[in-house]
Amino acid sequence: MVLLTFVDLDPELSALGALGGFFVLRTGVAPRGPLPTLAHAYATTASDAAADVYRDPLTFRVHKVAQSLHTPESRVAASIAHQGLVARLWCAALGCAALYDRVPDLDPRWLHWDPDGSTPDDLWLGEVHALPVDALDVVVREAHLVPLTAALVFRHGVSARLLWGNAGSALAGAVRMIDRWARTGGRVDVAERARALAAGLFAHPDLSGTLDAATGRRRSCCLYYRLPGGGLCGDCCFDRPPGRD
């Protein structure tokens, strides 16, 4: 068991590693060369034909996911790619908040992303600056989820309601992972802090109503069932896969 009594963030955010791969947030400069920032990924307007890892990292990632999962549907690949990235953002931020009682400033201009990487998405934070936990909503939802949602809606025709459902599902998943770790290690305080912080995040109109309060199931579908051989996620709004059109 690792006892954590930090009151500020350590420069390497080393405590996150204990929570699992989705929580790890690398710091400094990526050893394999410069990576695009998430600010660039959200802002680029290059066409699909011009997509590459540097010019259009977001569309590059959607194409990579589509090829990996053998789906011809851009919106399905965009939803799955979105789910993976959002899960990483929530985990890193909420993990820090629960462990350190501080949140790293994840300004998209400082947060680098490898769109050609595997899962979990590879993120590198150029500089570590601590913020109070009440900045959690601004650090993730406002700085990342709002522009990411807008980009995917505009460029891949994905429903905004679906994407916010992804965000709600990913946030709930982060809480569950923290809870499992905390209870195994005897850190009930960490689990309680994570749940309380998540409850505050779910109060925002973008996230409120994305999950059924009684069952924890989504009120929208991530479209995973439309993948070849795909089924239903554990929190899916459907009881059985709907017919494919």
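Everything numeric in this text was worked out from a predicted model, so none of it was measured. (Residues numbered from 1 in each chain as written. Predicted model: local features only at pLDDT ≥ 70, side-chain atom pairs only at ≥ 80, totals over all residues. Heavy atoms only, no water.)

**Q** Please clarify how the packing of helix α2 (residues 57-69) against helix α4 (residues 136-156) should be interpreted in this entry.
**A** Packed helices, taken two at a time, are described by the angle their axes make and the gap between the axes. Close contact between α2 and α4 brings their axes to 11 Å; oriented N to C, the two are set at 65°. On the basis of their axis angle, the class for α2 and α4 is roughly perpendicular. Handedness of the crossing formed by α2 with α4: right-handed. On the side of α2, the interface is formed by Leu58, Thr59 and Val62, while α4 contributes Leu148, Ala151, Leu152, Arg155 and His156. Partitioned by chemical class, the residues of the contact of α2 with α4 number five nonpolar, two polar and one charged. (Axes fitted to C-alpha atoms, helices over the stretch in contact; angles between N-to-C directions. Helix = DSSP H or I, 4+ residues; strand = E, 2+ residues; numbered from the N terminus. Parallel < 35°, antiparallel > 145°, perpendicular 65-115°, else oblique. Left-handed = near helix turned anticlockwise from the far one by under 90°. Contact = heavy atoms within 4.5 Å. Nonpolar A, V, L, I, M, F, W, Y, C, P; charged D, E, K, R; others polar.)

**Q** Honestly, the pairing of strand β4 (residues 122-125) in this entry has me stumped. Any pointers?
**A** Both faces of the sheet carry side chains from a regular strand, because those side chains alternate between them. Residues Asp122 and Trp124 point to one face of β4 and Leu123 and Leu125 to the other, with burial holding for every one of them. With two bridges joining them, strand β1 (residues 26-27) and β4 adopt parallel strand pairing. Looking at β4, one finds that arginine 26 is bridged to tryptophan 124. Bridge count between strand β3 (residues 111-114) and β4: four bridges; the pairing is antiparallel. (Buried < 20%, exposed > 50% of the residue type's maximum accessible area, 1.4 Å probe, protein only. Pairing = 2+ DSSP bridges.)

**Q** How should the pattern of salt bridges be read in this particular structure?
**A** Considering all chains together, one arrives at 16 salt bridges under this definition. A salt bridge links arginine 183 to aspartate 179, with the nearest nitrogen and oxygen atoms 3.0 Å apart. Taken together, the residues arginine 183 and aspartate 179, both in helix α5 (residues 160-184) and four residues apart, mark about one turn of the helix. Using a relative accessible area of 46% as the deciding quantity, one classes arginine 183 as partly exposed. Aspartate 239 serves as the salt-bridge partner of arginine 217, at 2.9 Å between the closest nitrogen and oxygen. Taken as a pair, arginine 217 in the segment after α6 (188-202) and aspartate 239 in the segment after α6 lie far apart in primary sequence, 22 residues in all. (Salt bridge = Lys/Arg side-chain N within 4 Å of Asp/Glu carboxyl O.)

**Q** Help me out: how do you make sense of the nonpolar core in this one?
**A** One recurring pattern in soluble globular proteins is that nonpolar side chains are buried together. The biggest cluster of nonpolar side chains holds 70 residues, and the ones touching the most others in it are Leu25, Leu38 and Trp90. Elements supplying a minimum of two residues to this core: α1 (38-43), α2, α3 (74-100), β3, β4, α4, α5 and α6. Apart from residues lying up to four places away in sequence, tryptophan 90 is in contact with Gly95, Val140, Leu145, Ala167, Ala170, Leu171, Ala174, Leu201 and Leu207. (Core = buried A, V, L, I, M, F, W, Y, C linked by side-chain atoms within 4.5 Å.)

**Q** When you look at unusual backbone geometry in this model, what are you seeing that I'm missing?
**A** Peptide bonds are mostly trans, and most non-glycine residues show a negative phi. Of note, the amide linkage connecting threonine 119 to proline 120 takes the cis form, showing an omega dihedral of 0°. Within the secondary structure layout, proline 120 lies in the loop between β3 and β4. A positive phi is found at aspartate 101, a non-glycine position, where the angle reads about 60°. Structurally, the position occupied by aspartate 101 is in the loop between α3 and β2 (103-104). Aspartate 101 sits in the partly exposed class, given a relative accessible area of 35%. Residue leucine 223 is not a glycine yet carries a positive backbone phi of 80°. On the accessibility criterion, leucine 223 (8% relative accessible area) is buried.

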